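# Residue-level structural notes
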Amino acid sequence: MAFTLKINGTPHEVDVDGDTPLLWVLRDVLGMTGTKFGCGQALCGACTVHVDGAATRSCITTVDSIGDSAVTTIEAIGQTPQGAALQKAWLELEVVQCGYCQSGQIMSAAALLKDTPKPSDDDIDAAMSGNVCRCGTYQRIRAAIHKAAA
């Protein structure tokens, strides 16, 4: 079935089954490999993208559920003020260790800052609770979010 998806501001025509997860369309069909596969069950956050600005787990979001919604991936998040500030803070505070989860972490953090420009520690903990970092960089992630919000 053919779908036209608006991804990072550009329409993309894809021919996939409607129940295909958005993650696989992004990675395998469109070659946008910044969004990562982690658990396949929306538990780890590695696959986080924005759908109409909301942090969304692309591993369980089917293509037929997207409709006319705008999808933003890590490849374009730096074009937003929040995303650019987060990427800068991530680098300055050397948040990344292995880096595998970081695209999902940044996407969740950008959605938080869009809705809560000056988050408290509790706001950050709540917004980021669905993102797992096996390297345990949670303190640096929180510090980077605060730095980006400043």
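Scroll up a little and you will see the structure.
Worth saying up front: this structure is predicted, and the values here are computed from it rather than measured.

## Re the environment of glutamine 102
By the element assignment, glutamine 102 lies in helix α4 (residues 102-115). C-alpha separation for the pair glutamine 102 and leucine 5, spaced 97 residues apart in sequence, amounts to 24 Å. When neighbours within four sequence positions are excluded, glutamine 102 is seen to be in contact with Trp90, Val95, Val96, Cys133, Thr137 and Ile141.

## A word on the sheet that holds strand β3 (residues 48-51)
An order of β2-β1-β5-β3-β4 is seen for the five strands of this open sheet, with the pairing classed as mixed. Unpaired on one side and paired on the other, β2 (10-15) and β4 (54-57) mark the two borders of the sheet. Direction aside, neighbouring strands of the sheet carry axes that sit 40° apart on average. Contacts from helix α1 (residues 22-29) reach β1 (2-7), β2, β3 and β5 (70-72) within the one sheet, and its direction differs from that of β1 by about 85°. Of the strands in this sheet, β3, β4 and β5 touch α4, which is tilted by about 35° from β3.

## Focus: helix α6 (residues 138-149)
End to end, α6 covers 17 Å across twelve residues, agreeing with the expected 16 Å (1.5 Å per residue, within 8%). Of all the residues in α6, the buried ones are Ile141, Arg142, Ala144, Ile145, Ala148 and Ala149. The arc that holds the buried residues of α6, viewed along the axis, is 160°, so those residues lie on one side. Of the surrounding elements, those touching the buried residues of α6 are α3 (81-92), α4 and α5 (121-128).

## A closer look at the pairing of β4
Of the strand pairs in this sheet, β3 and β4 are connected by four bridges, and their pairing is antiparallel. Note on β4: the bridge partner recorded for threonine 48 is arginine 57. Hairpin geometry of β3 and β4 is characterised by an intervening segment of two residues between the two adjacent antiparallel strands and by a positive phi of about 50° at aspartate 52.

## Quick word on the nonpolar core
Membership of the largest hydrophobic core comes to 19 residues, with the highest contact counts inside it found for Leu86, Trp90 and Ile145. Secondary-structure elements contributing two or more residues to this core are α2 (74-77), α3, α4, α5 and α6. Sorting elements by how many residues they give to this core places α4 first, with six residues. If near-sequence neighbours (up to four positions away) are discounted, isoleucine 145 is found in contact with Leu86, Trp90, Ala109, Leu112, Leu113, Pro119, Ile124 and Met128. Counting residues in each nonpolar core, the second largest holds 14 residues, with Leu5, Val16, Val25 and Val51 among its members.

## Remarks on the pattern of salt bridges
One pass over the structure, following the stated rule, counts five salt bridges. Here lysine 88 ties to glutamate 92 by a salt bridge, and the two come within 3.3 Å at their closest N and O atoms. Taken as a pair, lysine 88 and glutamate 92 lie in helix α3 at a separation of four residues, close to a single helical turn. On the basis of relative accessibility, which here comes to 53%, the residue lysine 88 falls in the exposed class. Taking relative accessible area as the criterion, glutamate 92 reaches 43% and is therefore assigned partly exposed. Close ionic contact of lysine 114 with aspartate 115 constitutes a salt bridge, the shortest N to O distance being 3.1 Å. Judged by its relative accessible area of 41%, lysine 114 is partly exposed. The exposure class assigned to aspartate 115 is exposed, which follows from its relative accessible area of 57%. Linked by salt bridges that have partners in common, Lys88, Glu92 and Lys147 make up one network.

The rules behind these values
Residues numbered from 1 in each chain as written. Predicted model: local features only at pLDDT ≥ 70, side-chain atom pairs only at ≥ 80, totals over all residues. Heavy atoms only, no water. Helix = DSSP H or I, 4+ residues; strand = E, 2+ residues; numbered from the N terminus. Contact = heavy atoms within 4.5 Å. Pairing = 2+ DSSP bridges. Axes fitted to C-alpha atoms, helices over the stretch in contact; angles between N-to-C directions. Expected span 1.5 Å × (residues − 1). Buried < 20%, exposed > 50% of the residue type's maximum accessible area, 1.4 Å probe, protein only. Arc of directions from axis to C-beta. Core = buried A, V, L, I, M, F, W, Y, C linked by side-chain atoms within 4.5 Å. Salt bridge = Lys/Arg side-chain N within 4 Å of Asp/Glu carboxyl O.

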